[in-house]
Every structure is written in structure tokens, then in C-alpha cells.
Amino acid sequence: MILKGKRGIITGALDANSIAWKVAQKAHAQGAKIVLTNAPVAMRMGEIKKLSAETGAEIVPADATSVEDLTNLFVKSQEILGGKIDFVLHSIGMSPNIRKNIPYTELNYDYFMKSLDISALSLHKMLSVAYKLDAISEWGSVVALSYIAAQRVFPFYTDMADAKATLESITRSFGYHYGKAKKVRVNTVSQSPTKTTAGNGIKGFDNFYNVAESLSPLGNASADSCAEFCVALFSDLTRMVTMQNLFHDGGYSNTGISMEMMEIFEKNLGA
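Owing to the predicted nature of the structure, the values given are computational and were not obtained by experimental measurement. (Residues numbered from 1 in each chain as written. Predicted model: local features only at pLDDT ≥ 70, side-chain atom pairs only at ≥ 80, totals over all residues. Heavy atoms only, no water.)

### Quick word on the pairing of strand E4 (residues 85–90)
Part 1 of the reasoning: Most of E4 sits inside the fold, with six of its six residues counted as buried.
Part 2 of the reasoning: One ladder, built from five bridges, connects E4 with strand E5 (residues 136–146); its direction is parallel. Residue pairing across strands places Phe87 opposite Ser141, the latter belonging to E5. (Buried < 20%, exposed > 50% of the residue type's maximum accessible area, 1.4 Å probe, protein only. Helix = DSSP H or I, 4+ residues; strand = E, 2+ residues; numbered from the N terminus. Pairing = 2+ DSSP bridges.)

Here it is as C-alpha cells:
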């Protein structure tokens, strides 16, 4: 019960495959009271009402690109939960360019700006609103989900790679200011490729998932294990961790090549 008595906001829970869905379940199991939120269009597509019934969490719709919606989210969440917020999960990302299979070298720039606004600037807006409202408790924790494409090239990830790099930069920059002012922690978790609705929408995802699995000494980290890691970052056990990008990927980020991959290449070349 490491979150007993804590209050949180979970964004981005679409369906049972979502990492945010798992985080909500595990935060609830660890004693937290939570509010669920997602954009109205995503709520119509998903099954968030099932999660609401399971966790006893109220739903406050919010477009994460709207300062007005985010202000309403933090004000209403404090009213619902009975006090300041102790933790927030930012699990928000979308690329129209990826959805429309537009190559990185030919990006539609209007779509690109939407990718940045939804996937990265939404974190800044969220933190800025909470900062102005003084809505997050001292030693509170904000966690945003990222991906290693922020540091290394994955051609199929196109403009989402730039969005994740911006997300991680905002984490460091706002993390400094929020830490100095209110001792609030801000971190990103760089997760393994995960079989979520969003992940499965990326062309060639299944092949890459298998490659990452073969390269990671511990294998790909599951959505469940990512949720457990997020819960640990919400808790008081990680009070001195902030402004970090934390790899939760079974060792993938530090592996150059695996014996398994070498054997695959040798077999194919030999043939």
C-alpha cells in the first residue's frame, strides 16, 4: 500500500492494453484515489468507463492541448479527491503523420505541429496549469511516458521521435523549476516497445518488437511491469529522483548486439 492516502490523475487510459490502464489499476491497488481523464474523442473510442467502475474513479474529460480544459481538470480533481494532487501520469501521444503513413522526409508540417502539441507541449501546459494553481503537493510526482527514439534513430517512429525528445527536454527544464519551488518531481519513463493500441498502429511494429525482445537481456518490459515502475516513482520511496529519463526496457538501451541476433544473421548469411 505504498500509495495509501495519495491522490492522482491518470491520463490516456484507452483500453485494457494501455499502459495508463495498468497504472490506474496498480495505483488503485496500492491505496491511491484517482481521477481518470482523456480527450473526449479518445473516450468515445475506448473503454474508460469500465476502468472507472473497477477503480471507483471519476472521469473528467480534458483535451490535453487546451489550457482551459487542463485548468478544469486540476480544479475538479482536487474537489473530487478532497485535496491537492500527489501524482500525475502523462500518457499522451499521437502523430497524424504516422497515422497517414507520411515518410519523415516528407512530413506534413501542420500534422507535425499537432504531433508536438499533443505529445509534448501538453506536458508543459499540464505542468504550467498545475504550477499556477499550486495543485500538486510538495514532493508530488509527475511521470510522462517516453521512448528511446528520443535519443536514437528508429526510422518508423518519424516525427514522434522529435516529440519525445521535446517531452524529455520539458521534463528536465520544468522539473528544475517545479523542484525548486515545490519539491515536485518530474521524470520520464522510456519504455520497451509495448503491444498497446498505439504501438500496434506503427508500421512494422511486430517485427521491431521481436528484434527488441532478442536484444534485451531481460526481454521486453511488459505494460504491467511499466505500471509497477510508475507506481514506485509516484511513491515516497523515490523522493530524490527528478528530471530523469529512466529506461525501463530490459537492458535494451545499453545492448549493442546480442548473441541471439548474431546467430540469426549468421544463419541468414550462411543460407
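### Considerations on the packing of helix H1 (residues 19–29) against helix H3 (residues 48–55)
Part 1 of the reasoning: Their axes nearest at 10 Å, the elements H1 and H3 cross at an angle of 10°. Relative to H3, the element H1 lies roughly parallel. Along the contact surface, H1 presents Trp21, Ala24, Gln25 and His28, while H3 presents Ile48, Lys50, Leu51, Glu54 and Thr55. (Axes fitted to C-alpha atoms, helices over the stretch in contact; angles between N-to-C directions. Parallel < 35°, antiparallel > 145°, perpendicular 65-115°, else oblique. Contact = heavy atoms within 4.5 Å.)

### Description of the nonpolar core
Part 1 of the reasoning: Membership of the largest hydrophobic core comes to 28 residues, with the highest contact counts inside it found for Phe74, Val88, Leu127, Ile136 and Val142.
Part 2 of the reasoning: Every element with two or more residues in this core is listed here: helix H4 (67–81), E4, helix H6 (109–133), E5 and helix H7 (158–182).
Part 3 of the reasoning: The element that contributes the greatest number of residues to this core is H6, accounting for six residues.
Part 4 of the reasoning: Not counting residues up to four positions away in its chain, the partners in contact with Ile136 are Phe74, Lys84, Ile85, Val88, Ala130, Val142, Tyr178 and Val184.
Part 5 of the reasoning: Listed in part, the 27 residues of the second largest apolar core include Ala20, Ala27, Leu36 and Leu51. (Core = buried A, V, L, I, M, F, W, Y, C linked by side-chain atoms within 4.5 Å.)

### A word on empty space enclosed by the protein
Part 1 of the reasoning: Taken as a whole and assessed by the stated rule, the structure comprises one cavity of 30 Å³ or more.
Part 2 of the reasoning: The computed volume of the largest cavity comes to approximately 40 Å³.
Part 3 of the reasoning: In this structure, the largest cavity is lined by Tyr147, Ile148, Ser190, Gln191, Ser192, Pro193, Asp249 and Tyr252. (1 Å grid on protein atoms, 1.4 Å probe; cavity = no way out; pocket = protein on both sides within 12 Å on 5 of 7 lines; lining within 4 Å. Points joined across faces, edges and corners; volume = space filled by probe spheres on them.)

### Details of the state of the cysteines
Here is the idea: a disulfide is a covalent bond, and it sits between the sulfur atoms of two cysteines.
Part 1 of the reasoning: Going through the model one piece at a time under the given rule, you end up with zero disulfides.
Part 2 of the reasoning: Left unpaired, Cys226 is separated from the closest cysteine sulfur, that of Cys230, by 4.3 Å.
Part 3 of the reasoning: The exposure class assigned to Cys226 is buried, which follows from its relative accessible area of 0%. (Disulfide = S-S within 2.5 Å.)

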